[in-house]
Amino acid sequence: MIEIRGLTKLYGSVIGVNDITVDLAAGAHGLLGPNGAGKTTFLGLVTGQLRPTMGSVRVFGERPFGNPRVLRRIGFCPAADLGDRTATPLQWVTYLTRLSGFTAASAATRAARVLEEVGLTDAARRPLVTLSKGMRQRAKLAGAMAHDPDLLVLDEPFIGLDPVARHHLVELVRAWAETRSLIVASHLLHEVEALDAGLAVILGGRLVASGTAAEIRGLAESLPAEVRVRCDAPRHFAAIACETPGVEAVRLEGDAVVVVVTRHPAAVIEQAVPRAAHEGVGVRELVPADRSLEGVFGSLVRLHRGVKA
Amino acid sequence: MTDPLTDDRTSTSPLLAAIAGAWTVAGFQLRRLLTRPRLAMAAVGALFPAAVIVAADRASRGRLEGDPTVGMLYALIPEAVCMLGLLVTMCPAVADELERGTWVHLAVRPGGRRALLIGTYLAAVVWTSVVALVATVLALAVARVEDPWAVGRMLAALVLVSCVGRAALFAVPAVIMPKRALVASVGVALVVEYLAGFIPAIVNQATVSLRLRSLLVPWMGWDRKLPIEMQLLIDPQPPWVQLLAVGILAVVLLTAAVVILDRRQFPPSDEI
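Since the model is a prediction, treat every value here as computed from it, not as a measurement.

**Remarks on the overall build of chain A**
Alright, step 1. In terms of regular secondary structure, chain A is built from 11 helices and 13 strands.
Alright, step 2. Dimensions along the principal axes, computed over C-alpha positions, put chain A at roughly 80 × 45 × 35 Å.
Alright, step 3. The buried share of chain A, taken over its 309 residues, is 53%.
Alright, step 4. Counted over contacts in chain A with a minimum sequence separation of 6, partners at least 24 positions apart contribute 67%.
Alright, step 5. By element, 53% of the accessible surface of chain A is carried by carbon and sulfur atoms, the whole surface being about 12700 Å².

Laid out in structure tokens, this is it:
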């Protein structure tokens with residue numbers, strides 16, 4: 001569905017995305033990264049708003065920039081709030097749908113239907129200025145979906161939504177992804193995890209990891225992780241940890257905490273802690289490495305920023 | 001979205017799709033203009049020429065009439081009111097969308113960029129023409145001219161020519177430098193329309209102001225009594241040539257603006 005080769009986008013001397021090569025097959029994909037990582041630029045390139053500085057991007061086999069054949073098949077919901085405050089959701093979605101090539105009557109029908117799907121029927125005729133941010137978010141989503149695109153691209157779609165609306169939207173988007181393709185960009189991992197999507201992690205404009213959630217977890221096994229141990233003789237414990245197989249680094253934090261960096265946290269728990277207890281070191285607290293996807297994401301971010309894990 | 005309607009698109013013809021898109025945007029933009037502040041601004045614009053005529057008449061102790069009045073109406077309506085109206089409606093064509101965060105919604109629609117520009121152009125021409133025509137009616141109600149109907153018809157024609165040509169002129173800065181389009185357009189108006197337009201050389205052939213003067217003078221029958229040095233400031237070709245020239249100028253400028261906008265990229269930080 002999307003083929004990207006050596007994709008680079010520069011804004012003058014500022015790097016938007018840097019040498020990304022990835023293939024995204026039809027289906028659901030999550031694009032993860034902290035704020036400023038390059039997610040919106042990546043989506044801008046995929047949805048034909050921006051042209052690559054170097055490399056290529058092909059969507060449905062064609063370049064998307066200024067290509068009506070591709071744009072007709074894409075629905076995009078940007079992160080920025082809707083600033084058009086005088087229009088109603090019905091007018092706004094009808095307007096966008098007409099611009100996708102539908103007749104006035106058909107566009108109005110589609111708009112009403114999709115507004116119902118996003119739970120905005122009651123507010124469909126109220127000016128956008130009178131709606132909450134969450135409701136405007138749903139209006140934006142409706143605008144992206146009303147023309148039945150083959151690929152729905154959502155940039156931070158859950159911002160401003162209350163938990164109930166968020167759950168509703170996740171269900172809606174998940175149902176969408178059963179039959180069509182979806183890319184969701186977010187800086188919050190749990191939002192993307194809820195969509196059962198494949199994951200791509202983008203940091204500093206670079207794609208640093210991609211795959212299924214299981215593959216990303218597998219990646220975690222290959223990354224050094226931290227085990228934090230609070231004990232009454234930290235220097236003694238640090239010496240024991242240094243002799244434990246697989247430990248790559250040890251550092252002291254304050255007077256009572258030892259941070260052990262290892263690719264095999266289990267070894268620290270199974271070998272170093274019993275030995276320390278045997279040698280009279282009182283271990284008060286042990287916080288194992290966070291191997292959840294959130295933890296992996298955090299590790300990738302720290303690694304990218306040059307902070308030792 | 002389990003029941004996709006796949007056959008209800010208007011047309012796969014690029015031309016028809018472009019026309020439909022521009023029509024859609026024009027309607028939406030006109031609805032956006034129907035706000036209290038915009039209507040108040042339009043009312044001020046419509047009343048302004050009549051107020052100036054009344055003030056000038058009082059200042060001249062009731063001696064303002066005939067050709068000087070027509071000259072003043074020309075300067076106030078097809079020149080000033082149209083220029084100001086187009087500055088506030090056409091110049092922000094792209095900047096408004098960037099500020100509202102709506103640019104990206106339009107840029108990802110097939111032909112959305114062109115529809116935005118042409119649609120905004122149509123809306124600017126319609127809105128400004130209506131304001132200027134109302135201004136014409138109000139001004140003629142207080143002005144003393146020999147044949148108000150004839151003068152009114154002539155001013156209406158000049159209003160339309162002014163709007164068609166100058167909206168296209170302002171479309172170019174609107175797409176080249178959206179965030180400074182107003183300043184750039186004022187500069188263009190001063191340099192192109194009011195400086196180059198009065199230079200009796202080839203350079204003034206591409207200005208709307210020359211065409212407007214060249215329509216006003218024969219329509220008022222002033223060509224026979226115009227001093228020779230003033231005749232250098234008009235084009236002696238017949239009115240249909242002037243209209244054709246404005247039409248060609250508008251098409252060329254709009255095409256250039258469309259080509260530029262089609263290639264423009266706005267980084268995400270440009271929005272909001």
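Okay, back to it.
**Digging into the interface of chain B and chain A**
Alright, step 1. In this assembly, 37 residues from chain B lie in contact with 46 residues from chain A.
Alright, step 2. Counting every contact that joins chain B to chain A gives zero salt bridges.
Alright, step 3. Along the contact surface separating chain B from chain A lie eight residue pairs in polar contact (both at pLDDT 80 or more).
Alright, step 4. Among the elements of the structure, helix H1 (14–33), helix H5 (103–107), helix H6 (112–142) and helix H11 (239–263) of chain B are those that each provide at least two residues to the side of chain B that touches chain A.
Alright, step 5. Of the residues that constitute the side of chain B that touches chain A, the class distribution is 16 nonpolar, 10 polar and 11 charged.

**Considering the environment of Ala 56 of chain B**
Alright, step 1. In this fold, Ala 56 of chain B is placed in helix H2 (residues 36–59).
Alright, step 2. Sequence spacing of Ala 56 of chain B and Met 177 of chain B is 121 residues, and the spatial spacing of their C-alpha atoms is 38 Å.

**Structural notes on the layout of surface pockets**
Alright, step 1. Put simply, the largest pocket is a space of about 850 Å³.
Alright, step 2. Elements with a minimum of two residues in the lining of the largest pocket: strand S4 (54–59), helix H2 (68–71) and helix H3 (89–99) of chain A together with H1, H6 and H11 of chain B.
Alright, step 3. Looking at which element gives the most residues to the lining of the largest pocket, the answer is H1 of chain B, with six residues.
Alright, step 4. Among the residues forming the lining of the largest pocket, the class breakdown is 18 nonpolar, 13 polar and 10 charged.

**Remarks on the environment of Pro 245 of chain A**
All names here are of chain A.
Alright, step 1. Mapped onto the elements, Pro 245 comes out in the loop between helix H9 (234–242) and strand S11 (247–253).
Alright, step 2. Sequence separation between Pro 245 and Gln 271 is 26 residues, and the spatial gap between their C-alpha atoms is 9.0 Å.
Alright, step 3. When residues no more than four places from it in sequence are discounted, the contact partners of Pro 245 are Ala 267 and Gln 271.

**Overview of the confidence of the model for chain A**
Alright, step 1. Of all residues in chain A, 92% attain a pLDDT of 70 or more, and the chain-wide mean is 83.
Alright, step 2. Here helix H11 (residues 293–304) of chain A stands out as the least confident element of chain A, with mean pLDDT 64; H3 of chain A is the most confident, with 93.

**What to know about the pattern of salt bridges**
Side chains that differ in sign of charge can pair as their charged atoms come close.
Alright, step 1. Inspection of the entire model under this criterion finds 22 salt bridges over all chains.
Alright, step 2. The partner of Glu 253 of chain A in a salt bridge is Arg 251 of chain A, and the shortest N-O contact between them spans 3.3 Å.
Alright, step 3. The class for Arg 251 of chain A is partly exposed, based on a relative accessible area of 32%.
Alright, step 4. Between Glu 79 of chain B and Arg 166 of chain B there is a salt bridge, and its shortest N-O distance comes to 2.9 Å.

**Considering the sheet that holds strand S12 (residues 257–262) of chain A**
Residue and element names in this part refer to chain A.
Alright, step 1. In space, the four strands of this open sheet follow the order S11-S12-S10-S13, with antiparallel pairing throughout. If you trace the sheet from one side to the other, it starts and ends with S11 and strand S13 (283–287), each paired once. Strand-to-strand twist in this sheet, taken as the mean axis angle between neighbours without regard to direction, amounts to 20°.
Alright, step 2. One ladder, built from six bridges, connects S11 with S12; its direction is antiparallel. Directly across from Val 250, in S12, lies its bridge partner Val 260.
Alright, step 3. This element, H9, spans strand S10 (225–231), S11, S12 and S13 of the sheet and lies at about 175° to S11.

**Things to note about the nonpolar core**
Alright, step 1. With 121 residues, the main nonpolar core has Leu 182 of chain A together with Leu 73, Met 90 and Phe 170 of chain B as its most contacted residues.
Alright, step 2. The dominant element in this core, judged by the number of residues it contributes, is helix H7 (residues 148–176) of chain B, at 15 residues.
Alright, step 3. The contacts of Leu 182 of chain A, once residues within four sequence positions are left out, are Gly 27, Ala 28, His 29, Leu 151, Leu 152, Leu 154, Val 173, Trp 176 and Ala 177 of chain A.
Alright, step 4. Counting 27 residues, the second-largest nonpolar core is a separate cluster that includes Leu 151, Val 153, Ile 183 and Ala 200 of chain A.

**Things to note about a nonpolar patch on the surface**
Residue and element names in this part refer to chain B.
Alright, step 1. A cluster of nonpolar side chains, namely Leu 182, Val 186, Leu 190, Val 191, Tyr 194, Leu 195, Phe 198, Ile 199 and Val 203, defines an oily patch on the protein surface of about 770 Å² accessible area.
Alright, step 2. The residue Tyr 194 is located in the loop between helix H8 (181–193) and helix H9 (208–219) in this model.
Alright, step 3. Overall, Tyr 194 belongs to the partly exposed group, its relative accessible area being 33%.

**Thoughts on helix H4 (residues 104–117) of chain A**
Residues and elements named next belong to chain A.
Alright, step 1. Taking 1.5 Å as the rise per residue, H4 with 14 residues should run 20 Å; its terminal C-alpha atoms sit 20 Å apart, in good agreement.
Alright, step 2. Buried within H4 are the following residues: Ser 106, Ala 107, Arg 110, Ala 111, Val 114 and Leu 115. With its buried residues spanning 160° around the axis, H4 presents them on a single face. Exposed side chains of H4 directed beyond 90 degrees from the buried face belong to Ala 105 and Glu 116.
Alright, step 3. The inward-facing, buried residues of H4 contact H3 and helix H5 (133–145).
Alright, step 4. Looking at the residues trailing H4, positive phi occurs at Gly 119, about 75°.

The rules behind each value
Residues numbered from 1 in each chain as written. Chains lettered and ligands numbered in written order. Predicted model: local features only at pLDDT ≥ 70, side-chain atom pairs only at ≥ 80, totals over all residues. Heavy atoms only, no water. Helix = DSSP H or I, 4+ residues; strand = E, 2+ residues; numbered from the N terminus. Buried < 20%, exposed > 50% of the residue type's maximum accessible area, 1.4 Å probe, protein only. Contact = heavy atoms within 4.5 Å. Areas by Shrake-Rupley, 256 points an atom, 1.4 Å probe, with all protein chains shown as cover. Salt bridge = Lys/Arg side-chain N within 4 Å of Asp/Glu carboxyl O. Polar contact = N/O pair within 3.5 Å; in protein donor to acceptor, adjacent residues only side chain to side chain. Nonpolar A, V, L, I, M, F, W, Y, C, P; charged D, E, K, R; others polar. 1 Å grid on protein atoms, 1.4 Å probe; cavity = no way out; pocket = protein on both sides within 12 Å on 5 of 7 lines; lining within 4 Å. Points joined across faces, edges and corners; volume = space filled by probe spheres on them. pLDDT = per-residue confidence, 0-100. Pairing = 2+ DSSP bridges. Axes fitted to C-alpha atoms, helices over the stretch in contact; angles between N-to-C directions. Core = buried A, V, L, I, M, F, W, Y, C linked by side-chain atoms within 4.5 Å. Patch = residues over 30% accessible without salt bridge, like charges linked within 9 Å, V, L, I, M, F, W, Y side chains within 5 Å. Expected span 1.5 Å × (residues − 1). Arc of directions from axis to C-beta.

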